[in-house]
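Geometric and topological summary
So you can see what is in the structure, the chains are spelled out below.
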Amino acid sequence: MMSSPRGARRRRPVLVPVALAVVAAGIAATAALGGLEEAPDEPPPKVQPGEVIDQGEFHTQFLKAVDTVERSEFGKTKRYLNLVLKVTNMGDTTTGIGMLHDPGRPWPRDAGFANSFVSMTPEIKQEYGPRIHVLSYGVQSQQLHPGITATVVVQYELDPSAKAPESVTLAMGRFVYEAPGLRDQYRAWRLELEEDAEPAVPVVAARVTLPVRQEEA
């Protein structure tokens, strides 16, 4: 048997805790794959037709999307894609329904319910954009009263010979009740925007896909 050299000390084995070794191995593997990264944000929930979306200031139920032809009081006919919703104003005051966002402008935060339509896929491009109104007993208006559920129609004009999409997917934003700021001295409902986006874009609270069906006016 070979003896150790004179004066040399025999090294004792060093025990590394198992948990520490596993952590170290995990860090090394992560670093080898490109470093530590934050987990991606969860996508907004997908809502089925007929379900209610909580948008903060409003509770919204998407009923249907219809391809229809309507006749005006002057006898002319036009073809539309109509989105039919039930909207409840959960706030304490009457609010205007507003207009859908113009893609060429910044997102206003105080522009009414219509401003929560972030996008629609496929996009239907129009020179003057879609129209939106409250419909009650055949009468159109532009107001949503507190605590009342109203029928809201978003109307896209279609070319008479165009093929309507089989379905449309809507991305919807939400409103938050903000405290007074340096400029505004009162609390108000405002469209929630993504903090790090430039230019600012709304937070998508939910997505809903509606099948498009033909329906007589």
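Just above sits the structure.
Everything in this summary refers to the structure shown in the same document. Since the model is a prediction, treat every value here as computed from it, not as a measurement.

What about the packing of aromatic side chains?
Two numbers describe a pair of aromatic rings. These are the distance of the centres and the angle of the planes. According to the stated counting rule, one finds five aromatic pairs in the structure shown. Arranged with centres 5.8 Å apart and planes meeting at 90°, the rings of Phe 113 and Phe 117 form a pair that is edge-to-face. Summarising the aromatic geometry, the rings of Tyr 177 and Trp 189 are spaced 5.2 Å apart at their centres and angled 45° between planes, so their arrangement reads as tilted. One end of the pair, Tyr 177, is in strand S12 (residues 175–178); the other, Trp 189, is in strand S13 (residues 188–191), and twelve residues separate them in sequence. Accessibility expressed as a relative area gives 27% for Trp 189, which makes it partly exposed. Of the aromatic side chains, those joined through ring pairs into one cluster are Phe 58, Phe 62, Phe 113, Phe 117 and Phe 175.

Description of the pattern of salt bridges
Under the criterion given, the structure shown has seven salt bridges. In this structure, Lys 64 engages Glu 215 in a salt bridge whose closest nitrogen and oxygen atoms are separated by 3.1 Å. Taken together, the residues Lys 64 in strand S3 (residues 58–71) and Glu 215 in the segment after strand S14 (206–214) connect sequence positions 151 residues apart. With a closest N to O distance of 2.7 Å, Glu 178 and Arg 109 form a salt bridge. Residue Glu 178 is found in strand S12, and its partner Arg 109 is found in the loop between strand S5 (95–96) and strand S6 (117–121); the two are separated by 69 residues along the sequence. A network of salt bridges, in which partner residues are shared, links Lys 64, Arg 213 and Glu 215.

Some thoughts on the side chain of Asp 67
Here Asp 67 is to be found in strand S3. When residues no more than four places from it in sequence are discounted, the contact partners of Asp 67 are Arg 79, Tyr 80, Leu 81, Leu 158, Ala 164, Val 212, Arg 213, Gln 214 and Glu 215.

Describing the pairing of strand S10 (residues 149–158)
With eight of ten residues buried, S10 is to be regarded as a mostly interior element. Sheet analysis places strand S4 (residues 77–89) next to S10, joined by ten bridges and oriented antiparallel. Bridge assignment links Leu 83 to a residue of S10, and that residue is Val 154. Across five bridges, the pairing between strand S7 (residues 131–136) and S10 is antiparallel. Across the sheet, the residue bridging to Arg 131 is Gln 155, located in S10.

Structural notes on the side chain of Gln 55
Its location among the elements puts Gln 55 in the loop between strand S2 (52–54) and S3. Reaching out from Gln 55, the side chain makes a polar contact with the side chain of Thr 60 at a distance of 2.5 Å. Not counting residues within four places of it along the chain, the set of residues in contact with Gln 55 comprises Thr 60, Phe 113, Ser 116, Met 172, Gly 173, Arg 174 and Phe 175.

With respect to the environment of Thr 94
Among the secondary structure elements, Thr 94 is positioned in the loop between S4 and S5. When the C-alpha atoms of Thr 94 and His 145 are compared, they prove to be 4.4 Å apart, with 51 residues separating the residues in sequence. Here the side chain of Thr 94 touches His 145 through a polar contact of 3.0 Å, side chain to side chain.

Points about the environment of Asn 89
Residue placement: Asn 89 occurs in strand S4. Looking at Asn 89, the relative accessible area reads 1%, which means it is buried. Linking Asn 89 and His 59, residues 30 residues apart in sequence, is a C-alpha distance of 6.9 Å. Leaving out residues up to four positions away in the same chain, Asn 89 has contacts with Glu 57, Phe 58, Thr 94, Thr 95, Leu 144, His 145, Pro 146, Gly 147 and Ile 148. A distance of 2.9 Å separates a polar side-chain atom of Asn 89 from the backbone nitrogen of Gly 91.

As for the nonpolar core
In terms of nonpolar packing, the biggest core is built from 36 residues, with Phe 113 and Phe 117 touching the most fellow members. For this core, the secondary-structure elements that each account for two or more residues are S3, S4, S6, S7, S10, strand S11 (167–172) and S14. A per-element tally of this core places S10 first, with five residues. Not counting residues up to four positions away in its chain, the partners in contact with Phe 117 are Phe 62, Leu 85, Leu 100, Trp 107, Ile 132, Val 154, Leu 170, Ala 171 and Met 172.

Cut-offs applied
- By convention here, each chain's residues receive numbers from 1 onward along its written sequence.
- Per-residue local features of the predicted model are confined to residues with pLDDT of at least 70, and side-chain atom pairs are confined, for both listing and counting, to 80 or more; whole-chain, interface and lining totals are unaffected and use all residues.
- The side-chain values count all of the structure's non-hydrogen atoms but skip hydrogen atoms and water molecules.
- Ring pairs are drawn from Phe, Tyr and Trp, using the six-membered ring of Trp, whenever the two centres fall within 6.5 Å, and their geometry is named by plane angle: stacked under 30 degrees, edge-to-face over 60, tilted for the rest.
- Counting from the N terminus, the helices are DSSP H or I runs at least four residues long and the strands are E runs at least two residues long.
- Relative accessible area decides the class of each residue, using a 1.4 Å probe on protein chains only: under 20% of the type maximum gives buried, over 50% gives exposed, and in between gives partly exposed.
- A side-chain nitrogen of Lys or Arg and a carboxyl oxygen of Asp or Glu constitute a salt bridge if their distance falls within 4 Å.
- Residue contacts are defined here by distance: any two heavy atoms, one from each residue, within 4.5 Å place the two residues in contact.
- Only when DSSP finds a minimum of two bridges between them are two strands counted as paired.
- N or O atoms closer than or at 3.5 Å make up a polar contact, with two conditions inside protein: a donor-capable atom paired with an acceptor-capable one, and, for residues adjacent in sequence, both atoms drawn from side chains.
- For the purposes of this section, nonpolar cores are sets of buried Ala, Val, Leu, Ile, Met, Phe, Trp, Tyr and Cys residues that join through side-chain atoms within 4.5 Å.

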